[in-house]
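Residue-level listing of the chains:
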Amino acid sequence: MKLSLTLYLDGLDDLSHLMKVLQDDTPITVDCETVDKPVDKPIEEPIEEPVEETTTSTNPSNIWSSTAKDWTDFPLPANAKQIFVSESEGYDSNSGLSDNEPLKTLELGIDLLSDGKGDQLLLKRGDTFLNEDLGKWSKSGAGPNEMLLIGAYGEGTRPIVRPDKGKNIISHNGEEICNYVAITDLHFMSPELHNGVEKPPQLVWRAQTEGLHIEGCYFDGCAVIIQRVDRSGPIKNVVFRRNVVDTPYAVGGRIHIYWKQVNGGMFEENFLYHLGWKEGLVADDKFTHNFYGSHDCTNITFRRNISMLASSHGVQLRGGGIMDENLFIGNALQSFGYVLGGEKDAPLRNLGTCGSIRNNLFLDPKKIDGEDRGTGIQVGNINNIGLEISGNLFLNDTRSGELNSCAIELDPSNGPAGLNNLSIFGNIIYNWRGGLVIQADSNYSKVSRVDISGNAWQNMMGSGSRPLFVSILGSNYGKFSFAGNTFHRKEGETEVGFRVGDRTRYADRDFSWWTHNIESTAKEEELHYPDPTRTLSSYAVSVGGSNSSLAFVNRCRLQRKGFWSDDYTAKGVLNYFRTGFGMETLI
């Protein structure tokens, strides 16, 4: 098969990683042409552009229970005004009060916005605002139904805001109060010839806030920080949805999406790709993640996102919350409540976390800068409210190496709360190196009611350092309850199935020992699924795309209002894989 691609300048570096994710067996000849990065244009395969979607929500708060078709509408309040800005058609001598008399520069448009009125700053679609940014923001909307809007007008592609080197998209010193602000339908781009020596532009929000809504934006080489600092008040009710965050990086790492002390956050239906690193310029490291939620974030929902090829974590939810129906591809690991390091005396950390990890897909983890990794999800610091881990798929660990790999890791010592009221059921681990690892040698007094039942370990591979199915590393294993699980090893695999009671090979156990001592209802049986060999590549073909993950990635990059396809959302991909394993589809 011959595949002709027009690649971004970084495409050749990404190609080898992505082809491994696809597990393609078909030989591919690739004709590559490096061109300037396209802006919101269809990729090489013909795609029928979706019809502009109608909006059913007129209240930003409705987004918390949104359906797949909803885009948030921000109506102009009765006493508010719209300010129009166009780089191509505007003059700063114009009034800026109509699209026939737009201003030219963002700075002047921002100056004309009223504080506390729900005004709207609208940038002309198709325009590029070079060496401009939104500056130090200090203005608010009038209320949750009368938000100050920074958005777009007209026809065409999203307006591009491309700050100068060393400048951020928006920033605060931490002393402002900025309530009810929405940023929608904009394309933020890193400076030309960015090579990682300087940090890329970042949206840095540190103001005291009640209501921040970011939707439908493309962060093209740019990062996002939403962080309360000591001199500011609380940040509450943040919505970040249907955005694309694509390959921001800098020498020294830690260029990612970072939330700290956010109370109430919806992070939904975003596409996160390759944050914090770039082959040949900036190595991947263990400190940089696609999304990092600090331990002091509360009431966070991370839902239906595609998180792909992170430097380290696809998501790190140290404060817990809802982590449901996401697609994690090619990341080294994910974590929930796991608070190794950090502020050990912080009150919120000591209270522990709770929530759910349901119906996610963890696909083909990677190494970190050559170091063996590959953990589907790490869990720790779970309080008495508890955590449910159910309905997840862990598939095809082909690249992580033989050390440190497992689908689920439980660690009662990673956080003062231990592990409590933890239910793990209905998960399928297939073609993975190592299944469940429990660090059971410390903080045993903080373990209670951990139930592991009705899961399937199938087609399992050995890691060289850990058994195929379950490792309980320590003598304190009495509080971990197992029932009705099914185990099957890959054909020809000779690694031992279990390790219980110690970290050494002296504690290796076979299936007979396991059923007599731990789980009498366990089954050693191969389960047959409708189509367990499905890949991201075969999914792309099933929705009319090319047999290439780059084509899938490039189409996900283009997701926006007016050009949105459910085929390139987490839900679409999840249902394809779930059907292959005979699981119920998501609504």
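The structure under discussion appears in the preceding block.
Numbers given to residues run from 1 along each chain, matching the order in which its sequence is written. Given that this is a predicted model, residues contribute local features only at a pLDDT of at least 70 and side-chain atom pairs are listed and counted only at 80 or more, while totals for whole chains, interfaces and linings are drawn from all residues. Excluded from the side-chain calculations are hydrogens and water; all other atoms, namely the structure's heavy atoms, are used.

Novice: Got a sec to walk through the side chain of Ser232? Specific residues and values, please.
Specialist: Each helix is a run of DSSP H or I of at least 4 residues and each strand a run of E of at least 2, with the numbering of both proceeding from the N terminus. Following the sequence through the fold, Ser232 ends up in the loop between β13 (223-227) and β14 (235-241). With a relative accessible area of 5%, Ser232 lands in the buried category. A 1.4 Å probe rolled over the protein chains alone gives each residue an accessible area, and that area as a share of the maximum for its type sets the label: buried under 20%, exposed over 50%, partly exposed in between.

Novice: For the sheet that holds strand β25 (residues 333-336), give the residues involved together with the corresponding values.
Specialist: When DSSP finds at least two bridges between two strands, those strands are taken to pair. Pairing in this open sheet of 12 strands is mixed, and the strands run β10-β13-β16-β19-β22-β25-β28-β31-β34-β37-β40-β41 from one edge to the other. The open sheet is flanked by β10 (202-205) and β41 (508-509), the only strands paired with a single partner. Note: strand β22 (residues 313-317) against β25, 3 bridges, orientation parallel. Within β25, the residue paired with His313 across the bridge is Leu333.

Novice: Can you lay out the packing of aromatic side chains for me, pointing to particular residues and giving the numbers?
Specialist: Side-chain rings of Phe, Tyr and Trp (the six-membered ring for Trp) are treated as a pair once their centres are within 6.5 Å; stacked means planes under 30 degrees apart, edge-to-face means over 60, and tilted covers the remaining angles. In total, this model carries 32 aromatic pairs according to the counting rule given. Ring centres 5.1 Å apart and planes at 65° place the aromatic pair Tyr258 and Tyr292 in the edge-to-face group. Here Tyr292 lies in strand β19 (residues 291-293) and Tyr258 lies in strand β16 (residues 257-260), a separation of 34 residues in the sequence. Grouping residues by exposure puts Tyr258 and Tyr292 together as buried. Measuring from ring centre to ring centre gives 6.5 Å for Phe498 and Phe511, while their planes differ by 40°; the resulting arrangement is tilted. With Phe498 in strand β40 (residues 498-500) and Phe511 in helix α4 (residues 511-517), the pair connects residues that are 13 residues apart, well separated along the chain. Just as Phe498 is buried, Phe511 falls in that class too. Three or more aromatic residues joined by ring pairs form one cluster here, namely Phe188, Phe219, Phe240, Trp259, Phe267, Phe291, Phe302, Phe328, Phe362, Phe394 and Trp432. For a ring to carry a charge above it, either NZ of a lysine or CZ of an arginine must fall within 6 Å of the ring centroid while also lying within 35 degrees of the normal to the ring plane. Between the NZ or CZ atom of Arg242 and the centre of the ring of Trp71, over which it lies, the distance is 4.7 Å. The ring of Trp513 is capped by Arg509, whose NZ or CZ atom sits 4.6 Å from the centre of that ring.

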